[in-house]
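If you want the building blocks of each chain, they are given just below.
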Amino acid sequence: MITRLLGPGAPAVSAIGFGGMPLSIAGRPPEDRAIRAVHAALEAGMTLIDTADVYCLDDNDIGHNERLIAKALKQWTGNKEGIVVATKGGLTRPGGSWERVNDPAHLRKACDRSLKALGVERIDLYQLHAPLPGSSIAETAEVLAELKTAGKIRWVGLSNVSVSEIEQARKVVDVATVQNRLSPFFRESLEPGFLREPSVVEHCRTQGVGFLAYSPVGGGRLNLKLPGLPVIATIAKRHNATPHSVVLAWVLAQGPTVIPIPGGRTVEHVKDAAGAADLDLTPAELEEIAKTQFSRA
Ligand SMILES: NC(=O)c1ccc[n+]([C@@H]2O[C@H](COP(=O)([O-])OP(=O)(O)OC[C@H]3O[C@@H](n4cnc5c(N)ncnc54)[C@H](OP(=O)(O)O)[C@@H]3O)[C@@H](O)[C@H]2O)c1
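This section reports on the structure supplied with the text. Numbering of residues begins from 1 in every chain and follows the order in which that chain's sequence is written. Only residues with pLDDT of at least 70 get local features here, since the model is predicted, and only at 80 or more are side-chain atom pairs given and counted; chain-wide, interface and lining totals rely on the full set of residues. To obtain the side-chain values, all non-hydrogen atoms of the structure were used and water was disregarded.

**With respect to the site of the ligand**
The cutoff for a nearby residue is simple: one of its non-hydrogen atoms must lie within 4 Å of the molecule or strand. Inspection of the region around the ligand gives 29 residues, with Asp-50, Gly-219, Arg-265, His-269 and Asp-272 positioned closest. Definition of a polar contact: a pair of N or O atoms within 3.5 Å, with one able to donate and the other able to accept a hydrogen when the atoms are protein atoms, and with sequence-neighbouring residues admitted only if both atoms are side-chain atoms. In the environment of the ligand, an oxygen atom lies 3.1 Å from a nitrogen or oxygen atom belonging to the backbone of Met-21. One nitrogen or oxygen atom from the side chain of Ser-159 is found 2.8 Å from a nitrogen atom belonging to the ligand. Note on areas: Shrake-Rupley, 1.4 Å probe, and residue coverage restricted to the protein chains presented here. Look at the ligand: alone it shows 890 Å² of surface, and the protein chains cover 91% of it. Secondary structure elements are taken from DSSP: a helix is a run of H or I of four residues or more, a strand is a run of E of two residues or more, and numbering for both begins at the N terminus. Sorting the residues of the shell around the ligand by element identifies α7 (219–222) and α10 (267–275) as the ones contributing at least two each. A total of 3 residues in the shell around the ligand trace back to one element, the largest contributor, which is α10. Tallied by class, the residues present in the shell around the ligand amount to 9 nonpolar, 16 polar and 4 charged. Under the scheme applied here, ten amino acids are nonpolar (Ala, Val, Leu, Ile, Met, Phe, Trp, Tyr, Cys and Pro), four are charged (Asp, Glu, Lys and Arg), and all others, including Gly, are polar.

Written as structure tokens, this is what we have:
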């Protein structure tokens, strides 16, 4: 598979990575099928796996996805060189809900727990899952810097952030990646901010920061609508490709540092997603998708 630089000071990884979330939240498959999905990703040449401590059912199940990824990697007999596992801290799952908790004590504990769940001495990429509104991201970044200096994490990432939050954090610690939502349904990361602030994708491009596009086919609900969208279906037919791979190729084309990280619970879906890295849409097709508004209803 073609590769893209993960970020400053970090290596190149597959241009399409694998998102582990659907393997561990509600609706998750049995473990043997989940492991087959991870192996399908590795078999297809994906070298970036995204997980989080909170990809689980609730607070009693923290680390489910990290343990699953660790188990799948342990059982993988192929080449493990160059595989980057990215996890996150900064959320909790009380009663199955998602809550932001950024305080230093929580992040330090979460990082130690992730090290254990992943079975590693150092986490490749550790991402702040989401900043807490009203709290200082610079102070949170200090904790990430401390974890890096302690050798517990190799590269730092941020998720669900604006350009100004990225820059506040970068004053404190080197940031390799930003992980925000991006699909034809959700394009806020392509939109310029206040006072001519560039879009997050554009800012990542100019800074060489990897932009990990999450929910790139629209997430668990909206992705099911793709085959019924005429613009997508027509382009897919023209390329003898699936609607999902057309959308992934569109996301990939939004910037040279964009790396989509689709989720997938079946071998077939994961293989298809990986194949999107080889699908070249024409400028006219990219434009056609860009100018179409897709309903989120
Ligand atoms: N940082 C954050 O706050 C945040 C938030 C959400 C997600 N994420 C990360 O981003 C990853 C992806 O997001 P997501 O899982 O929400 O949504 P997504 O990647 O848009 O995918 C949702 C579903 O689309 C289906 N799919 C994907 N590729 C397909 C294909 N080629 N053909 C057919 N179906 C396909 C899969 O269904 P099946 O499961 O049925 O195979 C998958 O579960 C997550 O796994 C997680 O790692 C991060």
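**Notes on the sheet that holds strand β5 (residues 84–89)**
Pairing between strands is defined by DSSP: at least two bridges between the two strands are required. The strand order across the open sheet formed by 8 strands is β3-β4-β5-β8-β9-β10-β11-β12, and the pairing between neighbours is parallel. What marks the edges here is a single partner per strand, and that holds for β3 (18–19) and β12 (258–260). Relative to strand β10 (residues 177–181), strand β9 (residues 153–159) runs parallel, the two being bridged by 3 bridges. Bridge pairing in β10 links Gly-157 to Thr-177. Only heavy atoms enter the contact rule, under which two residues are in contact if any of them lie within 4.5 Å. Lines are fitted to the C-alpha atoms to define the axes, a helix being fitted only along its stretch in contact, and any angle between axes, read from their N-to-C directions, falls within 0 to 180 degrees. Across the sheet, helix α4 (residues 137–149) touches β8 (123–128) and β9, and the angle it forms with β9 is around 160 degrees.

**Looking at the packing of aromatic side chains**
Note on ring pairs: Phe, Tyr and Trp rings are taken, using the six-membered ring of Trp, and paired if centres are within 6.5 Å. Classes follow the plane angle, with under 30 degrees stacked, over 60 edge-to-face and the rest tilted. In the structure shown here, the tally under the stated rule is 2 aromatic pairs. Ring plane angle 70 degrees and centroid distance 6.5 Å describe the contact between Tyr-55 and Trp-98, whose orientation is recorded as edge-to-face. Within this pair, whereas Tyr-55 is found in the loop between β4 (48–50) and α2 (64–75), its partner Trp-98 is found in the loop between β6 (91–92) and β7 (99–100), the two being separated by 43 residues in sequence. Given a relative accessible area of 6%, Tyr-55 falls into the buried group. Only protein chains enter the area calculation, which uses a 1.4 Å probe; residues under 20% of their type maximum are buried, those over 50% are exposed, and those in between are partly exposed. A relative accessible area of 42% means that Trp-98 is categorised as partly exposed. Both rings, one in Phe-185 and one in Phe-294, keep their centres 6.1 Å apart while their planes meet at 65 degrees; by these two values the pair is edge-to-face. One end of the pair, Phe-185, is in the loop between β10 and α6 (200–207); the other, Phe-294, is in the segment after α11 (283–291), and 109 residues separate them in sequence. Neither Phe-185 nor Phe-294 differs from the other in exposure class; each is buried.

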